[in-house]
Amino acid sequence: MDSTVYRSICFSLGVILFLFASNSQAGEGLIEVRQGLLSKALSNIPADAVRERCLAPYFFVSGGEDGVDRLPLRGVESEVNIAGVIAEVRLIQTYENSGKKTLEAVYLFPASTRAAVHAMRMTVGERVIEARIQKRAEARETYDKAKQAGQTASLLEQQRPNVFQMSVANILPGDKIRVELVYSELLVPEDGLYEFVLPTVVGPRYSDQPASKAKDSERWVENPYLKAGEEASNDWGLKLALHAGMPISKVSSPSHQVDVEFEGEQSASVELRADRKAGNRDFVLRYRLAGESIQHGMLLYEGEKENYFLLMAQPPARTEKSDLVAREYLFILDVSGSMNGYPLDTSKAVIRELLRDLRSYDYFNVLLFAGGSAVFSEKPMAATRTNVRRALDFVESARGGGGTNLLPALKQALSMPRAPKVARSVVLLTDGYVAVEREAFELIRNRRADSNLFAFGIGSSVNRFLIEGLARAGLGEPFVVSGPDEAEAKAKRFRNYISSPVLTNIKVGFEGFEAYDVEPLHVPDLFAQRPVILFGKWKGKAEGQIRISGLSVNGQTDLDLEVNKVDVSPANKVLGFLWARHRIQELDDLAQFGEDADIKKEVTRLGLAHGLLTRHTSFVAVDPRVRTDGNDAIKVLQPLALPQGVSNQAVGGRISGAGVLGVLGTRGRGGGVGYGSGFAGLGTRRPQIVRSRAMRVTGTLDKNVIRRVIRLRLRTHPKLSGKIVVKLVIGPKGFVKKAEIKSSTMNDKTFETSLLKLLKTLRFPKPPGGGELVINYPFVFKPSG
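Reading the values: the criteria
- Residues numbered from 1 in each chain as written.
- Predicted model: local features only at pLDDT ≥ 70, side-chain atom pairs only at ≥ 80, totals over all residues.
- Heavy atoms only, no water.
- Pairing = 2+ DSSP bridges.
- Helix = DSSP H or I, 4+ residues; strand = E, 2+ residues; numbered from the N terminus.
- Axes fitted to C-alpha atoms, helices over the stretch in contact; angles between N-to-C directions.
- Salt bridge = Lys/Arg side-chain N within 4 Å of Asp/Glu carboxyl O.
- Buried < 20%, exposed > 50% of the residue type's maximum accessible area, 1.4 Å probe, protein only.
- 1 Å grid on protein atoms, 1.4 Å probe; cavity = no way out; pocket = protein on both sides within 12 Å on 5 of 7 lines; lining within 4 Å.
- Points joined across faces, edges and corners; volume = space filled by probe spheres on them.
- Nonpolar A, V, L, I, M, F, W, Y, C, P; charged D, E, K, R; others polar.
- Core = buried A, V, L, I, M, F, W, Y, C linked by side-chain atoms within 4.5 Å.
- Contact = heavy atoms within 4.5 Å.
- Expected span 1.5 Å × (residues − 1).
- Patch = residues over 30% accessible without salt bridge, like charges linked within 9 Å, V, L, I, M, F, W, Y side chains within 5 Å.
- Areas by Shrake-Rupley, 256 points an atom, 1.4 Å probe, with all protein chains shown as cover.
- Lys, Arg positive; Asp, Glu negative; His and termini not counted.
- Charge placed at Lys NZ, Arg CZ, Asp CG, Glu CD.
- Parallel < 35°, antiparallel > 145°, perpendicular 65-115°, else oblique.
- Left-handed = near helix turned anticlockwise from the far one by under 90°.
- pLDDT = per-residue confidence, 0-100.

**Let's talk about the sheet that holds strand E19 (residues 307-313)**
By definition, the strands of a sheet pair up through backbone hydrogen bonds, in either a parallel or an antiparallel sense.
Next up, step 1: Across the sheet, which stays open at both edges, the 4 strands sit in the order E18-E19-E29-E28 with antiparallel pairing between neighbours. Looking at strand neighbours, the two that pair on one side only are strand E18 (297-302) and strand E28 (514-519), the edges of this open sheet. Shown here is a sheet whose adjacent strand axes are inclined to one another by a mean of 25°, direction ignored.
Next up, step 2: As judged from the 6 bridges shared by E18 and E19, these two strands associate in the antiparallel manner. Across the sheet, Glu 302 pairs through a bridge with Asn 307, a residue of E19.

So this is what it looks like as structure tokens:
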């Protein structure tokens, strides 16, 4: 692109942004002038300079067509019953149409990654319609036909194992419709602590997939969001009954204010009153049993066709030991727009604890990523005090902004040089707001022989599917850190896991007990202090012995269980759902991104046979009455609240795919951060910025830290060339107080102005000892071809 076209684009975009920013209350004459200028400005932008629009969330704008209720979801009630180690959850969604037009409402909502959804029903007035499970395409066809025929219908589809979509067609003016779904999940204690998590909101996902080529199953990413701090239009409430089967010592919620009432030693009720602010973060309930004991043993169910069992075997207590083996730690930190503010502050607190806990004979490195990436060092560094302090300065300089290009960051990290003859652990810190989960799982699974991966989910409503899936693929452990106050405890747990695994090389044997279709196929090493979990089927009599063997720090360990001492109970019917859900998860983990015919066929068979929601099977309910014409329903997407602590930078507008927006240094998921950001369309390659030793610094900040801060944020067009020397004055708090051009061979004022505008947004570590810092920084650009 020559400089004339380039400057034309910059001018055109300046006109466009000015028009959008101008006072909307202007008179009709001025509006006509603006429209003319806008058309002319757009016509000046070459077609190949604007990248095709990608899937992206966007902000909800109130108003619209008269008589249309654009916020039909009135409330979400959760009724939870925990009996022993199994939780049954009923989610009840209420839709009302207070407008004058018939609606089709679409609502995107989350659930547990372990949820086995096995029932759905719809209530229209006094009529209750039980949903049927069908193949996904067939269920969609059933729903569409009912909608066109004027029947009220509801459709539940799985977009991800933890992201569901409810569609309700033909909600007439004045209607009140309730849709209820039921799922079950297993609760597994860790270090004697039980935790039940009920996700409440789906965070905005970053995607670089072109909208025109996206599958229908991926279009859920394009969902409206309210701005940060805005209340949802619907109430969110919860009632929970806890029947532990053993004396309870403590019940609490770190996420919400709840009312807890004990009903004897073994039971308690928990209530969260309906509130519009309650549904912007995961609900978390934690409880302990008296004496730090846990539920373990075996559950058996004898069905008409097949029998199921669940085994929870308690391993030996963790024994602390002095781990004298050196390790390498590669920390990957997400600094994208959705991490800006509170989440990034939490990540920094976690990584501070992790870095400070390194031993002098360990090695480490740090990679920061958003639209592009920056590394602390080209090779692993010894964990000396000096190196750790420099790394902390490097991390502290990060500011949230831009997209979440996770895959390139993982590929870069796994290809980086490693320390010789030491085991490597990769530690990822992110909120997980991406739509490339399966590609990431496949990448990690193919490279896990090189290292194991531990994933830290940061924030109040993280993408647990990604966090748990990456840890599973990388043979590591997942962590979720909701705030800086949890950083120290989670970092300590991570260190314990690495230094003292509870049980490794785990084997399972059956003697006299005819078990088959056992899940998981291979029991992974147990890092955490929690039970070994086995699902399976059995034939014949409930007798014999199950032996679990493995290696602990004390040597060979055997765990035995006598099957004939366990009662077969009809109350354990849910075991069939849980077994099938676990098998489906295993199949999904084996699947490459895209469709595998055999796996799709088996997942579909399991979904239909067990009546479960999967990515290939859906629930559909149809009221047989014809209630309207069927051609006049207006589709509305229910806007979602941004998760607590997530800023507006997590959402990009529909114009965010414009390739030249990066020129103006825009922030946000679509526009990126910096001059011509990588995914803003002016070239996706990293800029070739020649490192110059001519940088002069007056002050005490390390030159390498300065270079990394600038290189992380700077993106350039691959054909730019020339040299610019910039003078920066940095204040005591690390902010840029002044930026000016000292000399330039670029002969392009637009470029220079944009560069200065970007540099003024940077933040550096606070200069040691305080005071101002003066930097004379030479930029030498070479074309990348």
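Don't stop here, the text continues.
**Describing the pattern of salt bridges**
Next up, step 1: Across all of its chains, the model carries 44 salt bridges by this definition.
Next up, step 2: For Arg 493, the salt bridge is made with Glu 190, and the minimal N-O distance between the two is 2.3 Å. One end of the pair, Arg 493, is in helix H9 (residues 487-499); the other, Glu 190, is in the loop between strand E10 (176-186) and strand E11 (193-198), with 303 residues separating them in the sequence.
Next up, step 3: With a relative accessible area of 23%, Arg 493 lands in the partly exposed category.
Next up, step 4: Residue Glu 190 is classed as buried on the basis of its relative accessible area of 17%.
Next up, step 5: A salt bridge links Lys 490 to Glu 486; the nearest nitrogen and oxygen atoms lie 3.6 Å apart. Of the two residues, Lys 490 and Glu 486, neither departs from the other in class, the shared state being buried.

**Observations regarding the layout of surface pockets**
Next up, step 1: Reported here for the second largest pocket is a volume of approximately 1000 Å³.
Next up, step 2: Taken together, 38 residues make up the lining of the second largest pocket; nearest its centre are Arg 136, Gln 159, Asp 216, Ser 217 and Glu 218.
Next up, step 3: Ranked by residues supplied to the lining of the second largest pocket, first place goes to strand E8 (residues 151-160) with 4 residues.
Next up, step 4: Within the lining of the second largest pocket, the residues separate by chemical class into 8 nonpolar, 11 polar and 19 charged.

**Structural notes on the nonpolar core**
Next up, step 1: If you look at the biggest cluster of nonpolar residues, it comprises 92 residues, and the most contacted ones within it are Leu 156 and Phe 196.
Next up, step 2: Among the elements that make up this core, the one with the highest residue count is helix H10 (residues 574-590) (8 residues).
Next up, step 3: Ignoring any residue separated from it by four or fewer positions in sequence, one finds Leu 156 in contact with Phe 109, Val 117, Met 120, Phe 164, Gln 165, Met 166, Leu 181, Leu 613, Ser 618 and Phe 619.
Next up, step 4: Counting residues in each nonpolar core, the second largest holds 40 residues, with Phe 331, Ala 374, Ile 458 and Phe 494 among its members.

**Brief notes about helix H11 (residues 597-610)**
Next up, step 1: For H11, which comprises 14 residues, the first-to-last C-alpha distance of 20 Å matches the rise-based estimate of 20 Å (1.5 Å per residue) to within 8%.
Next up, step 2: A positive backbone phi angle near 65° is found at Gly 611, which sits one or two residues after H11.

**Brief notes about a negative patch on the surface**
Next up, step 1: Taken together, the side chains of Glu 77, Glu 79, Glu 261, Glu 263 and Glu 271 make up a negatively charged region of the molecular surface.
Next up, step 2: Inspection of the secondary structure puts Glu 271 in strand E16 (residues 267-275).
Next up, step 3: Accessibility expressed as a relative area gives 33% for Glu 271, which makes it partly exposed.

**A word on the environment of Glu 222**
Next up, step 1: Following the sequence through the fold, Glu 222 ends up in the loop between E11 and strand E12 (224-225).
Next up, step 2: Distance in space between the C-alpha atoms of Glu 222 and Ala 211 is 9.2 Å, their sequence separation being 11 residues.

**Things to note about unusual backbone geometry**
Next up, step 1: Of the consecutive residues Glu 519 and Pro 520, the connecting peptide bond is found in the cis state with omega at -5°.
Next up, step 2: Tracing the chain through its elements places Pro 520 in the loop between E28 and strand E29 (532-539).
Next up, step 3: You will see that Asp 191, though not glycine, has its phi angle at about 55°, which is positive.
Next up, step 4: The class of Asp 191 is partly exposed, set by a relative accessible area of 34%.
Next up, step 5: Notably, Asp 517 is not glycine yet its phi reads approximately 50°, a positive angle.
Next up, step 6: Here Asp 517 is to be found in strand E28.

**Here we look at the packing of helix H4 (residues 342-356) against H9**
Next up, step 1: Viewed as axis vectors pointing N to C, H4 and H9 meet at an angle of 45°, and their least axial separation amounts to 9 Å. Between H4 and H9, the interaxial angle falls into the category oblique. The element H4 and its partner H9 pack so that their crossing is right-handed. Between H4 and H9, the residues in contact are Ala 349, Val 350, Glu 353 and Leu 354 and Ala 487, Glu 488, Ala 491 and Phe 494, respectively.

**Remarks on the packing of helix H7 (residues 437-447) against helix H8 (residues 464-473)**
Next up, step 1: Contact pair H7 / H8: the axes reach a minimum separation of 8 Å and the direction vectors enclose 15°. On the basis of their axis angle, the class for H7 and H8 is roughly parallel. Crossing angle aside, the handedness with which H7 passes H8 is right-handed. Across the interface between the two elements, Glu 437, Arg 438, Ala 440, Phe 441, Ile 444 and Arg 445 from H7 touch Phe 465, Leu 466, Gly 469, Leu 470 and Ala 473 from H8.
Next up, step 2: Residue classes in the contact of H7 with H8 are distributed as 7 nonpolar, 1 polar and 3 charged.

**Observations regarding the side chain of His 582**
Next up, step 1: Residue placement: His 582 occurs in helix H10.
Next up, step 2: Once you skip the residues sitting within four places of it in the chain, His 582 turns out to touch Glu 519, Pro 520 and Phe 535.

**Structural notes on the confidence of the model for the protein**
Next up, step 1: Per-residue pLDDT for the protein has a mean of 82; in total, 82% of the residues score no lower than 70.
Next up, step 2: Mean pLDDT values over the elements of the protein span from 42, in strand E34 (residues 688-689), up to 98, in strand E7 (residues 132-135).
Next up, step 3: Here residues 1-51 scores under 50 on pLDDT; set against residues more than four positions off or in separate chains, the count is 50 contacts.
Next up, step 4: Low pLDDT, under 50, characterises residues 653-693; the stretch is placed with 135 contacts to residues that sit more than four places away or in other chains.

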